[in-house]
Structures are given as structure tokens and as C-alpha cells.
Amino acid sequence: ILLGAIGYILKPVNKDNLKELMKKVFDELMVKKQEEDTDRKIKEKIELFRERLLYDILRGKEYSFQRFDDLISEYGLKLFRDKMVQVAIVEIGNFDDKSKELVKSGKFDELTDKVRKEIVKMADGFGGISCEIGDMDIGILSVIIQPLSDIEIAEFEEISYSFFAKLLEKIKHEMEVRVTIGVGNIQQKFKEISLSYMGAKAALRHKYVIGGNRVINIKEFDFDKQQKILYPA
């Protein structure tokens with residue numbers, strides 16, 4: 001029983017006792033299976049709600065302070081409404097031959113999960129920043145970073161630059177896959193996170209002009225000078 005037996009029967013074996021015991025074991029295993037299925041479904045729903053919440057936050061959906069704090073706590077998101085914020089979009093692969101083969105073999109999700117874990121691992125070891133990751137599309141992850149302490153924006157910019165540069169090299173060399181990272185501007189107010197998200201998307205589109213497999217920061221482009229850059233469809 002200590003090793004996990006559900007029940008036992010004594011010798012000599014009585015047929016009726018054996019039947020009764022087998023029925024008891026079957027019923028207990030079915031109850032356990034139903035509980036496990038229910039837990040799995042609840043976890044899947046929580047993950048879906050969590051991803052939806054993260055997406056809504058990135059799009060700038062407004063919540064009252066109390067509602068925001070409650071949702072962040074309920075779904076375990078590492079976000080702070082009183083800290084600066086920056087959004088990046090990580091695009092894994094570039095629909096090249098290797099990416100196509102991974103999609104066909106069903107291993108692209110596995111690769112994306114490895115990249116996600118690498119981002120978490122690097123953020124945990126980097127120190128000074130919190131990191132939250134969301135699934136945006138096939139092979140596309142959103143990465144939200146914030147400083148854990150009150151620092152100047154210039155210092156956060158240096159930390160951000162170093163973080164994404166090292167992340168790029170780590171993924172490229174250890175996983176041997178193309179990756180492009182579009183980085184939006186740092187926003188001093190969390191409620192303006194959607195501006196950083198839009199900047200990250202705009203930065204990522206520049207890969208069509210300057211090439212991918214690199215970190216592209218929206219700060220590199222001055223839109224006030226009305227640059228007329230046309231992208232292929």
C-alpha cells in the first residue's frame with residue numbers, strides 16, 4: 001500500500017471477493033481519472049484566459065486599478081502598473097525550409113516552447129528585470145520586460161539592449177534557428193504599454209528592408225522625419 005497499491009486480497013482467493021475488489025479498484029481509478037481530466041481542463045481554461053488577458057493588456061484595454069491588480073494576482077502575471085515597461089516581439093524562424101519541416105513534423109510548437117523557456121531562464125539569471133511572455137501566433141512570442149527597481153530610463157535602455165542582444169545570440173547558436181526580435185520604445189507609464197507593443201510590431205516589419213535574424217529596435221528609426229519606406233505585401 002505504501003508503494004501505491006489500491007487494495008489487496010488474501011489467499012485462498014474467493015471469486016466473489018476478487019470481483020468486489022476489482023470493481024472497487026475500477027471505480028476508484030475512474031474517479032481519479034475524472035479528477036485529473038477536470039484539473040487538466042481547468043488548467044487549459046486558465047491558460048487560455050491568461051493569454052487573452054495578456055493580449056488585451058498589450059492592446060491597451062483599460063482596467064480599474066483594483067480590477068487590474070486582482071486579475072494580475074489571479075492569473076499569476078508578473079506585471080507592475082507602477083513601473084516602466086517595454087514590449088518586444090520574438091519571431092522564430094522565417095518560414096524557411098527548416099521552419100517548414102518543423103511545422104510539417106509538428107515540432108514547431110516544441111521549438112517555440114524551448115525558446116520560451118530560454119527567455120524565462122535568461123530573465124531569471126539576468127537580474128533587475130521581470131519578464132512576462134505571451135503566445136501571439138505560430139512561432140511568435142510577445143515579451144514584456146520591466147525594471148524591478150526605480151531606475152532611470154537610460155539605465156533601463158542599457159539593460160534592455162544587453163538582454164535582447166544576448167537572447168538573440170543564445171537562441172541562434174544553441175537552437176540553430178533564425179530569430180528576429182522587434183523591440184518597441186520604453187514607456188514610462190504602464191497604461192501606455194500598447195504604444196510599445198505597436199512599436200515592436202513596426203520594428204519587426206523593418207526586417208523586409210534591413211533583413212532579419214537580428215534585434216531591430218524601433219528607436220533606430222525616426223518617424224518624425226516622415227521616412228517613406230514601402231514594404232512588400
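The preceding data block contains the structure.
**What about the layout of surface pockets?**
Stage number 1. Within this model, the largest pocket holds a volume of roughly 310 Å³.
Stage number 2. In terms of lining, the largest pocket is formed by Ile 57, Gly 60, Lys 61, Glu 62, Tyr 63, Phe 65, Phe 68, Arg 81, Lys 189, Phe 190, Lys 191 and Ile 193.
Stage number 3. Among the residues forming the lining of the largest pocket, the class breakdown is 6 nonpolar, 1 polar and 5 charged.

**A short note on the sheet that holds strand β2 (residues 129-137)**
Stage number 1. The mixed open sheet is built from 5 strands, whose spatial order is β2-β3-β1-β4-β5. For this open sheet the edge positions go to β2 and β5 (215-217), each flanked by a neighbour on one side alone. If you compare each strand with its neighbour and ignore which way they point, the axes differ by 20° on average.
Stage number 2. Together, β1 (86-92), β2 and β3 (140-147) form the strand contacts of helix α1 (residues 15-58), whose direction differs from that of β2 by roughly 100°.
Stage number 3. Sheet strands touched by helix α6 (residues 193-205): β1, β2, β3, β4 (179-183) and β5. Its angle to β1, the strand with the most contacts, is close to 35°.

**A look at the nonpolar core**
Stage number 1. By size, the foremost hydrophobic cluster in this structure holds 30 residues, and its most contacted members are Val 90, Ile 119, Phe 164 and Ile 181.
Stage number 2. Among the secondary structure elements, those contributing two or more residues to this core are β1, α4 (108-126), β2, β3, α5 (153-175) and β4.
Stage number 3. Counting residues per element, this core draws most heavily on α5, at 8 residues.
Stage number 4. For Ile 119, the contacting residues outside a window of four places in its chain are Val 90, Cys 131, Ile 133, Leu 141, Val 143, Phe 163 and Leu 167.
Stage number 5. Listed in part, the 20 residues of the second largest apolar core include Ile 72, Leu 77, Ile 144 and Phe 190.

**A short note on α4**
Stage number 1. The end-to-end C-alpha distance of α4, which contains 19 residues, comes to 27 Å, matching closely the 27 Å that a straight helix rising 1.5 Å per residue would cover.
Stage number 2. Gly 127, located one to two residues past α4, shows a positive phi value of around 80°.

**Regarding the pattern of salt bridges**
Stage number 1. A complete count under the given rule lists 19 salt bridges for this structure.
Stage number 2. The shortest N-O distance in the salt bridge between Lys 23 and Asp 27 comes to 3.0 Å. Residue Lys 23 and its partner Asp 27 are located together in helix α1, separated by 4 residues, close to a single helical turn.
Stage number 3. Lys 23 sits in the exposed class, given a relative accessible area of 53%.
Stage number 4. Accessibility expressed as a relative area gives 34% for Asp 27, which makes it partly exposed.
Stage number 5. In this structure, the salt-bridge partner of Lys 33 is Asp 37, at a minimum N-O distance of 3.1 Å. Pair noted here: Lys 33 and Asp 37 are both in helix α1, with a separation of 4 residues, about one helical turn.

**Looking at unusual backbone geometry**
Stage number 1. For the bond running from Lys 11 to Pro 12, omega is -5°, close enough to zero to count as cis.
Stage number 2. Note that Pro 12 resides in the segment before α1.
Stage number 3. Phi is positive for Asn 213, close to 60°, though the residue is something other than glycine.
Stage number 4. Summarising the element assignment, Asn 213 is placed in the loop between α7 (207-210) and β5.

Each value, and the rule that gives it
Residues numbered from 1 in each chain as written. Predicted model: local features only at pLDDT ≥ 70, side-chain atom pairs only at ≥ 80, totals over all residues. Heavy atoms only, no water. 1 Å grid on protein atoms, 1.4 Å probe; cavity = no way out; pocket = protein on both sides within 12 Å on 5 of 7 lines; lining within 4 Å. Points joined across faces, edges and corners; volume = space filled by probe spheres on them. Nonpolar A, V, L, I, M, F, W, Y, C, P; charged D, E, K, R; others polar. Pairing = 2+ DSSP bridges. Helix = DSSP H or I, 4+ residues; strand = E, 2+ residues; numbered from the N terminus. Axes fitted to C-alpha atoms, helices over the stretch in contact; angles between N-to-C directions. Contact = heavy atoms within 4.5 Å. Core = buried A, V, L, I, M, F, W, Y, C linked by side-chain atoms within 4.5 Å. Buried < 20%, exposed > 50% of the residue type's maximum accessible area, 1.4 Å probe, protein only. Expected span 1.5 Å × (residues − 1). Salt bridge = Lys/Arg side-chain N within 4 Å of Asp/Glu carboxyl O.

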